[in-house]
Amino acid sequence: MSERVEQDFQQADPTRAAWDLVPQLDRIVACLDRIERRQEEHSRAYQELKTMFLERRYAQDPALFLPLLRRPAVIPAARQAEILEEAVAAGCLTDEEADQAALLDLLVEGFHRREGRRVVLAVEISWQGTTKEVGRAAERAAIFARALGAEVIPVVAAKELTAPARRMARARGVWWLQDGRTFAPQEIPEEGPESEEA
């Protein structure tokens, strides 16, 4: 009989019944938070894998630079390191500048398709290019230009550029290479995703 009275009381007191659910709801919210964090981690990892795929593709197939260059040739990483070491030894660069430029994704040489002159491309590669890639391309191109004593054009090779990255690329003179299409800084379309997050 007392159980029946207790059940009747709980049914009559919805506030108490609701308070009894709070611990269960807290566990559900915590579980959903863990799932959301894992999903974000997986999304970042997937973005990194796509970028690694793109980096490998550009490194192995210089023909992808044909929209920008005639006779493109990727400069091997070992030669890039030698260029930077020689520039430091000659007093053209500081060790810090050489360390920063050493992180460049690719250095490619050839003849400018539009103007015919010999140039070098400093290429940052990402699936979705952000202001980070644009800034790095511009900074590392300037360092390699001093190291080589030659014209070095900053390029971001990306499937997509965010709208902030597009604005920055136009302002800083960074070219965009996208799936076989080349955009000079002033030709980069303004519209693009606003979010800088992957």
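Relevant structure appears above.
What comes next is a walk through the structure. Residue positions are counted from 1 within each chain, in the order its sequence is given. For this predicted model, a pLDDT threshold of at least 70 governs which residues receive local features, and a threshold of 80 or more governs which side-chain atom pairs are given and counted, while totals over whole chains, interfaces and linings are taken from all residues. For side-chain calculations, the full set of non-hydrogen atoms in the structure is used, while hydrogens and water are omitted.

With that out of the way, let us pick up the overall build of the protein chain. Note on conventions: DSSP H or I runs of at least 4 residues are helices, E runs of at least 2 residues are strands, and numbering of each starts at the N terminus. Each helix and strand in the protein chain was counted, giving six helices and six strands. Ordering the α and β elements of the protein chain from the N terminus gives α-α-β-α-α-β-β-α-β-α-β-β. Excluding contacts between residues fewer than 6 apart, the proportion of contacts in the protein chain whose partners are at least 24 apart in sequence is 61%. When checking whether two residues touch, look at their non-hydrogen atoms; a contact exists if any pair is within 4.5 Å.

As a further point, take the sheet that holds strand E1 (residues 69–74). At least two bridges found by DSSP between two strands is the condition for calling them paired. With mixed pairing, six strands are arranged side by side in an open sheet as E1-E2-E3-E4-E5-E6. Across the chains shown, the open sheet's two edge strands, defined by having one partner strand only, are E1 and strand E6 (181–183). Across this sheet, the average inter-strand angle for adjacent strands is 30°, counted without regard to direction. As paired elements, E1 and strand E2 (residues 106–112) share four bridges and run antiparallel to each other. The residue of E2 that forms the bridge with leucine 69 is histidine 112. Between N-to-C directions, angles span 0 to 180 degrees; the directions come from axes that are lines fitted to C-alpha atoms, helices contributing only their stretch in contact. Helix H5 (residues 131–148) contacts E2, strand E3 (118–129) and strand E4 (152–161) of the sheet and is inclined by roughly 160° relative to E4. Packing of helix H6 (residues 163–172) onto the sheet brings it into contact with E3, E4 and strand E5 (175–178), and relative to E4 it is tilted by some 160°.

The subject of this paragraph is the environment of glutamate 48. Structurally, glutamate 48 can be placed in helix H2 (residues 14–60). Burial classification: accessible surface area is computed with a 1.4 Å probe over protein chains only, and a residue below 20% of its type maximum counts as buried, one above 50% as exposed, and the rest as partly exposed. Classification of glutamate 48 by relative accessible area gives exposed; the value is 52%. Taking the C-alpha atoms as reference points, glutamate 48 and tryptophan 127, 79 residues apart in sequence, are found 8.2 Å from one another.

Before going further, it helps to examine the packing of aromatic side chains. Only rings of Phe, Tyr and Trp enter the pairing, Trp through its six-membered ring, and a pair is recorded when the two centres are within 6.5 Å. The plane angle decides the type: under 30 degrees is stacked, over 60 is edge-to-face, the rest tilted. Enumeration according to the criterion identifies two aromatic pairs in this entry. Measuring from ring centre to ring centre gives 5.0 Å for tryptophan 176 and phenylalanine 183, while their planes differ by 25°; the resulting arrangement is stacked. Lysine NZ or arginine CZ positioned within 6 Å of the ring centre and within 35 degrees of the ring normal marks a charge as sitting over the ring. Cation over ring: arginine 118 sits above phenylalanine 111, and NZ or CZ is 5.2 Å from the ring centre.

Our focus in this paragraph is the nonpolar core. We call a set of buried Ala, Val, Leu, Ile, Met, Phe, Trp, Tyr and Cys residues a nonpolar core when their side-chain atoms join them within 4.5 Å. Counting 18 residues, the largest nonpolar core has Tyr58, Phe65, Leu121, Val123 and Val155 as the members making the most contacts within it. Elements that contribute at least two residues to this core include exactly H2, E2, E3, E4 and E5. Considering each element in turn, this core owes the most residues, four residues, to E3. Those residues in contact with phenylalanine 65 that sit more than four places away from it in its chain are Tyr58, Pro72, Leu106, Val108, Leu121, Val123 and Leu177. Core analysis: the next-biggest nonpolar cluster, separate from the first, contains 16 residues, Ile75, Leu93, Leu107 and Ile143 among them.

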